[in-house]
Amino acid sequence: MKNSDPQDLQQKYERWSQLYQQQLEAQQQFLEAEKLFDELQGYYLSPQWVADREADLPIEHSGEAHSIFSEDALWSMLTDRNELAMKWMRLGLDAIDKE
């Protein structure tokens, strides 16, 4: 093993520490997103969503996301969530496999 620069390693540790805190926050955000997902999925799978959509209810939205009455938004939410969950799993497994 080559000699490492302790100062360089200190900076790397500090950066790791910052990223670790952000990862903990991301886990909390993931859990929050899951609660929202569950509620939205329940609505989308209910007869109320169809009735609300067919009634063409006026709905305000920021423009940053599609309307909840968009079938594309529904499909994207389902697939994006699953893809993200699989990526998180793979990242975690890859980290453990390195040990």
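Residues numbered from 1 in each chain as written. Predicted model: local features only at pLDDT ≥ 70, side-chain atom pairs only at ≥ 80, totals over all residues. Heavy atoms only, no water.

> Give me the confidence of the model for the protein chain: which residues, what numbers.
Taken as a whole, the protein chain shows an average pLDDT of 92; of its residues, 99% reach a score of 70 or greater. By mean pLDDT, helix 3 (residues 71-97) is the weakest element of the protein chain at 91, and helix 1 (residues 6-44) is the strongest at 95. (pLDDT = per-residue confidence, 0-100. Helix = DSSP H or I, 4+ residues; strand = E, 2+ residues; numbered from the N terminus.)

> So what about a nonpolar patch on the surface? Which residues, and what values?
Taken together, the side chains of Y13, W16, Y20 and L24 make up a nonpolar region of the molecular surface, amounting to roughly 420 Å² of accessible area. Locating Y20 in the fold gives a position in helix 1. (Patch = residues over 30% accessible without salt bridge, like charges linked within 9 Å, V, L, I, M, F, W, Y side chains within 5 Å. Areas by Shrake-Rupley, 256 points an atom, 1.4 Å probe, with all protein chains shown as cover. Salt bridge = Lys/Arg side-chain N within 4 Å of Asp/Glu carboxyl O.)

> Explain the pattern of salt bridges residue by residue, including any values.
Between side chains of opposite charge, a pair can form as their charged atoms come close. The full count for this structure, using the stated rule, is four salt bridges. With a closest N to O distance of 3.2 Å, K12 and D8 form a salt bridge. Of this pair, K12 and D8 both sit in helix 1, four residues apart, which is roughly one turn of that helix. Where D94 meets R90, a salt bridge forms, and the shortest distance between an N and an O atom there is 2.6 Å. Within this pair, D94 and its partner R90 are both found in helix 3, separated by four residues, close to a single helical turn.

> Now, about the packing of aromatic side chains: what can you tell me, with residues and values included?
For the coordinates displayed, the defined rule picks out five aromatic pairs. Aromatic pair Y13 and W16: ring centres 5.9 Å apart, planes at 25°, arrangement stacked. Placement of the pair is Y13 and W16 together in helix 1, with a separation of three residues, close to one helical turn. Among the residues examined, W16 registers a relative accessible area of 46% and is labelled partly exposed. Taking the centre distance of 6.1 Å and the plane angle of 45° together, the rings of Y43 and Y44 count as tilted. (Phe/Tyr/Trp six-rings, centres within 6.5 Å; stacked < 30°, edge-to-face > 60°. Buried < 20%, exposed > 50% of the residue type's maximum accessible area, 1.4 Å probe, protein only.)

> Quick one: what's the story with the environment of S62, residue by residue and with numbers?
Mapping S62 onto the fold places it in the loop between helix 2 (47-54) and helix 3. Residue classification places S62 among the exposed positions, given a relative accessible area of 59%. Here E64 takes part through its backbone nitrogen, which lies 3.0 Å from a polar atom of the side chain of S62. (Polar contact = N/O pair within 3.5 Å; in protein donor to acceptor, adjacent residues only side chain to side chain.)

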